[in-house]
Amino acid sequence: MTGPLDGFRVLDLSSVVLGPFATQVLGDLGAEVIKIESPEGDTTRSTGPGRSPGMAALFMGVNRNKRSVVLDLKRAAARDALWRLIDGADVFLHSIRPQKLARLGFGHESVCGRNPRIVYAGLHGYRVDGPYGGQPAYDDVIQGRSGSADLMARLVGEPRYMPTIMADKTCALVAAYAVIAALLARERTGSGQFVEIPMFETMAAFNLTEHIYGHAFDPAEAEMGYPRVLVPWRRPYPTADGYICMLAYTDEQWRRFWREVGRPELIDDPRFDTLASRSDNIDEVYRIAGECLKDRSSAEWAAVFGRLEIPAAPVTTLEGLMRDPHLDAVGFFHRLAHPSEGGVVLTDPPVRFSENEAGIRRLQPRLGEHSAEVLEEAGLDEDEIAALFAAGASVDGRAQGE
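What you are looking at is a predicted structure, and each value in this text was computed from that prediction instead of being measured.

Asker: How do you make sense of the overall build of the chain when you look at a structure like this?
Answerer: Counting its regular elements, the chain contains 18 helices and 11 strands. The principal-axis extents of the C-alpha atoms in the chain amount to approximately 85 × 50 × 40 Å. Within the chain, counting contacts between residues at least 6 apart in sequence, those at least 24 apart form 68% of the total. Between the mean site of the 43 positive side-chain charges and the mean site of the 57 negative ones, the chain shows a separation of 1 Å.

Structure, rendered in structure tokens:
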């Protein structure tokens, strides 16, 4: 089974979620991903429940389809070994602060100078040429600075974080497509390049896609913030026995809805008769719709909306996703036997290809599990590899699973 990125080798010097999720996507698409870790390992190896040291839940979620190599880059011998790996790599990706990595000798000028075909992907908190350049950044910090916490404040009255590591995961997907675009450019030109993926600018652009709103014009035509998603009544609607999510959107969908709920007079109401008028009165539209849904069960409404061809779905819990009949039918969950961790559950790569299948080719690696084999592939001989292990510049993790 080979994916569309089969044949590309990625060196992953990232940690936590942003970089590892990006490289997991590349690995799912067929790239060979080599995870470079310090002797202490990625911090997520200790985050959440686990069955053995260094294999905790958060690590398991973002590190399939990779091999693990330990290199202590504070040691010259490990830096020399990394240069050997760079010589044969297509992508060098990191989430280390750029000034710190430059002090180790692996800034983009040095790496691209050594291997002109390499795509060097720097996952930074901020663009390096601005006043925030080089500052540390994590998901919570970027959610605050990029307007995400302010969007929550507009709904609940105080700034809050989204209950998911949204900035990390969004920026990871942007990083994956940026790397793929740079590889495509290299195939056309023969030259690699430096690609900067800054979290702050990425999330600012993400949030302002719709929320720039009236400020899309100069001078502004209205306030910032897309009203439809910020009104209090945009929420799952209570039913007789639970909740349902429904979004009538087109004029015809609303006409069907008003007839069904016995409010045909609202079809020609000038507040609601067109998309533009509904946008101006969106909270009232949603309030009235919510009042109309209280007397039937969620299942009854699901059947009604199916008949009316109005998009709708029940509120599904996280636990409910594991029992979802559609996800079961499409084989979304993989229950596999991990060599050291026993039974594990993984989600399927969501994108399908008709000719080059994305998939799970390799389960999550133990720390340093592949140090010896990858260093040997890079041209180091048995004595050089043994010296790296003896000096603590690398770790041989093969014995951990035996």
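Asker: Looking at this model, I keep getting lost on the packing of helix α11 (residues 251-260) against helix α13 (residues 282-292). Mind explaining?
Answerer: Think of two packed helices as two axes; the pair is described by the angle between the axes and how far apart they sit. As a packed pair, α11 and α13 sit with axes 11 Å apart at the nearest point and diverge in direction by 40 degrees. In terms of axis orientation, α11 runs oblique to α13. Judged by the sense of rotation from one axis to the other, the crossing of α11 with α13 is left-handed. Every residue of α13 that contacts α11 at Trp254, Phe257 and Trp258 is listed here: Val285, Tyr286, Ile288, Ala289 and Cys292. Of the residues assigned to the contact of α11 with α13, the class counts are 8 nonpolar, no polar and no charged.

Asker: Can you help me understand the pattern of salt bridges in this one?
Answerer: Scanning all chains against the criterion turns up 29 salt bridges. Its salt-bridge partner being Glu252, residue Arg255 comes within 3.2 Å of it at the nearest N-O pair. Here the residue Arg255 and the residue Glu252 both occupy positions in helix α11, the gap between them amounting to 3 residues, near one helical turn. Residue classification places Arg255 among the partly exposed positions, given a relative accessible area of 29%. Classification of Glu252 by relative accessible area gives partly exposed; the value is 31%. Salt bridges linked by common partners bring Arg9, Glu32, Arg67, Glu373 and Glu377 together as one network.

Asker: I tried to follow the pairing of strand β8 (residues 243-246) on my own but got confused; where do I start?
Answerer: Burial of β8 is one-sided: the residues Ile244 and Met246 facing one way are buried, the residues Tyr243 and Cys245 facing the other way are not. Pairing geometry for strand β7 (residues 237-238) and β8, over 2 bridges, is antiparallel. Within β8, the position partnered with Tyr237 by the bridge is Ile244. Remark: 4 residues form the turn of the hairpin made by β7 and β8, two consecutive strands paired antiparallel.

Asker: What am I meant to see in the sheet that holds strand β6 (residues 193-198) here?
Answerer: One open sheet accounts for 6 strands, arranged β3-β2-β1-β4-β5-β6; its pairing is parallel. Two strands bound the open sheet, and with one partner strand each, they are β3 (66-70) and β6. Between one strand axis and the next, the sheet turns through 20 degrees on average, direction left out of account. Where strand β1 (residues 9-13) lies against strand β4 (residues 91-94), 4 bridges are found, and the strand directions are parallel. Directly across from Asp12, in β4, lies its bridge partner Leu93. Helix-sheet contacts for helix α3 (residues 76-87) involve β1, β2 (32-37) and β4, and the interaxial angle to β1 is about 150 degrees.

Asker: Honestly, a negative patch on the surface in this entry has me stumped. Any pointers?
Answerer: Taken together, the side chains of Glu376, Asp381, Glu382 and Asp383 present a region of like negative charge at the surface. Secondary-structure assignment places Asp383 in helix α18 (residues 382-391).

Asker: When you look at the environment of Asp273 in this model, what are you seeing that I'm missing?
Answerer: Locating Asp273 in the fold gives a position in the loop between α11 and α12 (275-280). Overall, the relative accessible area of 31% leaves Asp273 in the partly exposed class. For Asp273 and Arg255, which are 18 residues apart along the polypeptide, the C-alpha to C-alpha distance reads 8.5 Å. Discounting residues that sit within four places of it in the chain, Asp273 has contacts with Asp251, Ile267, Asp268 and Arg278. Here Ser277 takes part through its side chain, which lies 3.1 Å from a polar atom of the side chain of Asp273.

Asker: Quick question: what am I supposed to make of the packing of aromatic side chains here?
Answerer: In this structure the tally under the stated criterion is 14 aromatic pairs. Connected via pairs of aromatic rings, a cluster forms that spans Trp254, Phe257, Trp258, Phe272, Trp301 and Phe305. Positioned over the ring face of Tyr132 is Arg145, at 3.8 Å from the centre of the ring. Geometry around Trp233 places Arg235 over its ring, the cationic atom sitting 5.1 Å from the centre.

Calculation notes
- Here the residue numbers are simple positions, counted from 1 along each chain's written sequence.
- Restriction of local features to residues with pLDDT of at least 70 applies here, the model being predicted, together with a cutoff of 80 or more for giving and counting side-chain atom pairs; totals for whole chains, interfaces and linings are based on all residues.
- For the side-chain quantities, the full set of heavy atoms in the structure was used; hydrogens and water were omitted.
- Think of it this way: any DSSP run of H or I at least four residues long counts as a helix, any run of E at least two long counts as a strand, and we number them from the N terminus.
- In this description, contact between two residues means that some pair of their heavy atoms is separated by no more than 4.5 Å.
- For the purpose of counting charges, residues Lys and Arg are taken to be positive, whereas Asp and Glu are taken to be negative. His and the chain ends are not included.
- Charged side chains are reduced to one point each, which is NZ for Lys, CZ for Arg, CG for Asp and CD for Glu.
- The axes are straight lines fitted to the C-alpha atoms, using for helices just the contacting stretch, and the angles between their N-to-C directions are given from 0 to 180°.
- Oblique is the label for every angle not falling under 35 degrees (roughly parallel), over 145 degrees (roughly antiparallel), or within 65 to 115 degrees (roughly perpendicular).
- Less than a right angle of anticlockwise turn of the near helix away from the far helix marks a crossing as left-handed, whereas a clockwise turn marks it as right-handed.
- Gly is placed with the polar residues, together with every amino acid not listed as nonpolar (Ala, Val, Leu, Ile, Met, Phe, Trp, Tyr, Cys and Pro) or charged (Asp, Glu, Lys and Arg).
- Only one rule defines a salt bridge in this text: a Lys or Arg side-chain nitrogen within 4 Å of an Asp or Glu carboxyl oxygen.
- When a residue's accessible area, from a 1.4 Å probe over protein chains only, is under 20% of the maximum for its type it is buried; when over 50% it is exposed; and in between it is partly exposed.
- A pair of strands is treated as paired once DSSP finds two or more bridges between them.
- Candidates for patches are residues over 30% relative accessible area with no salt bridge; among them, like charges are joined within 9 Å and nonpolar side chains (Val, Leu, Ile, Met, Phe, Trp, Tyr) within 5 Å.
- Using the Shrake-Rupley algorithm and a 1.4 Å probe, accessible areas are obtained, with residue cover drawn only from the displayed protein chains.
- Here a polar contact is recorded for every N or O atom pair within 3.5 Å, except that within protein the pair must consist of a potential hydrogen donor and a potential acceptor, and residues adjacent in sequence are included only if both atoms are side-chain atoms.
- The aromatic pairing rule takes the rings of Phe, Tyr and Trp, using the six-membered ring of Trp, and pairs them if the centres are within 6.5 Å, calling planes under 30 degrees apart stacked, those over 60 edge-to-face and the rest tilted.
- Should the NZ of a Lys or the CZ of an Arg lie within 6 Å of a ring centre and within 35 degrees of the ring normal, that charge is described as sitting over the ring.

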